[in-house]
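# Summary of the model geometry
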Amino acid sequence: MVFFRRRKSRAPVTEPTVDEVLLSIARDHMPDTSEDEVRIVAAVAGLVGCVAYADGHYGPDESREVEALLGRVHDLPRAAVNAICALLDERIAELARGEVHEHARVLKAGTEREARLEMLDVLMDLAAADGVITVDETELLRRVAKLMGLSTDEYVAAQARHRDKLSVLR
């Protein structure tokens, strides 16, 4: 007599990582774009999310700034901006714990120095959007600049525009 049947084990269904979803959004909304450019767009969105949450807070000021700056990404349709913003609203903490170095590596390998300098300026503006650049944001931005192949002087120049918002000077 058999009372219990052993069930066959099933492989657990895993949710895609937030980085995989960023890539998917870029691919789905930019079908005529090369894979390298799709990866760059996903890396930009990834770094934006990491910086926006570096201080452990993602408020309305940062959310609006993220939406505005993603809207300036070349060839990124509005629907993709909306999808990325929705993803950040849901999973930004996970993204912030993720692969910052990978996003920076993609930008270093796939973009010119001028584009990386512009990206650093954009990230600095984002960190300053809430009126204060915290120590955590400063450390992350310094690390991102280095990972993107930018010098300490270039980092300091980008930071100087927001000197009044540095929490270490308050």
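The structure we're discussing is the one just above.
Residues numbered from 1 in each chain as written. Predicted model: local features only at pLDDT ≥ 70, side-chain atom pairs only at ≥ 80, totals over all residues. Heavy atoms only, no water.

This part covers the packing of helix α2 (residues 35-52) against helix α3 (residues 60-70). Orientation of α2 relative to α3, taken along the N-to-C sense of each, is 165°, at an axis distance of 11 Å. Between α2 and α3, the angle is such that the two are roughly antiparallel. For α2 against α3, the interelement crossing comes out right-handed. Along its contact with α2, which presents Ala45, Val48 and Ala52, the element α3 presents Glu62, Val66, Leu69 and Leu70. Residues belonging to the contact of α2 with α3 are distributed by class as follows: 6 nonpolar, no polar and 1 charged. (Axes fitted to C-alpha atoms, helices over the stretch in contact; angles between N-to-C directions. Helix = DSSP H or I, 4+ residues; strand = E, 2+ residues; numbered from the N terminus. Parallel < 35°, antiparallel > 145°, perpendicular 65-115°, else oblique. Left-handed = near helix turned anticlockwise from the far one by under 90°. Contact = heavy atoms within 4.5 Å. Nonpolar A, V, L, I, M, F, W, Y, C, P; charged D, E, K, R; others polar.)

Per the counting criterion, the structure on display carries 10 salt bridges. Notably, a salt bridge pairs arginine 91 with glutamate 15, separated by 3.4 Å at the nearest N-O pair. Taken together, the residues arginine 91 in helix α4 (residues 78-96) and glutamate 15 in the segment before α1 (18-29) connect sequence positions 76 residues apart. The exposure class of arginine 91 is buried, given its relative accessible area of 11%. A relative accessible area of 60% places glutamate 15 in the exposed class. Between aspartate 125 and arginine 161 there is a salt bridge, and its shortest N-O distance comes to 3.0 Å. One end of the pair, aspartate 125, is in helix α6 (residues 113-128); the other, arginine 161, is in the segment after α8 (152-160), with 36 residues separating them in the sequence. What makes aspartate 125 partly exposed here is its relative accessible area of 26%. Classification of arginine 161 as partly exposed rests on a relative accessible area of 43%. Each of Glu15, Arg91 and Glu94 takes part in one network of salt bridges that share partners. (Salt bridge = Lys/Arg side-chain N within 4 Å of Asp/Glu carboxyl O. Buried < 20%, exposed > 50% of the residue type's maximum accessible area, 1.4 Å probe, protein only.)

Look at α3 against α4: their axes get within 9 Å of each other, and the N-to-C directions meet at 150°. Considering their axes alone, α3 and α4 lie roughly antiparallel with respect to each other. At the point where α3 passes α4, the crossing takes the right-handed sense. The segment α3 lies against α4, with Ser63, Val66, Glu67 and Leu70 engaging Arg78, Val81, Asn82, Ile84, Cys85, Leu88 and Asp89. Classifying every residue of the contact of α3 with α4 by side-chain character gives 6 nonpolar, 2 polar and 3 charged.

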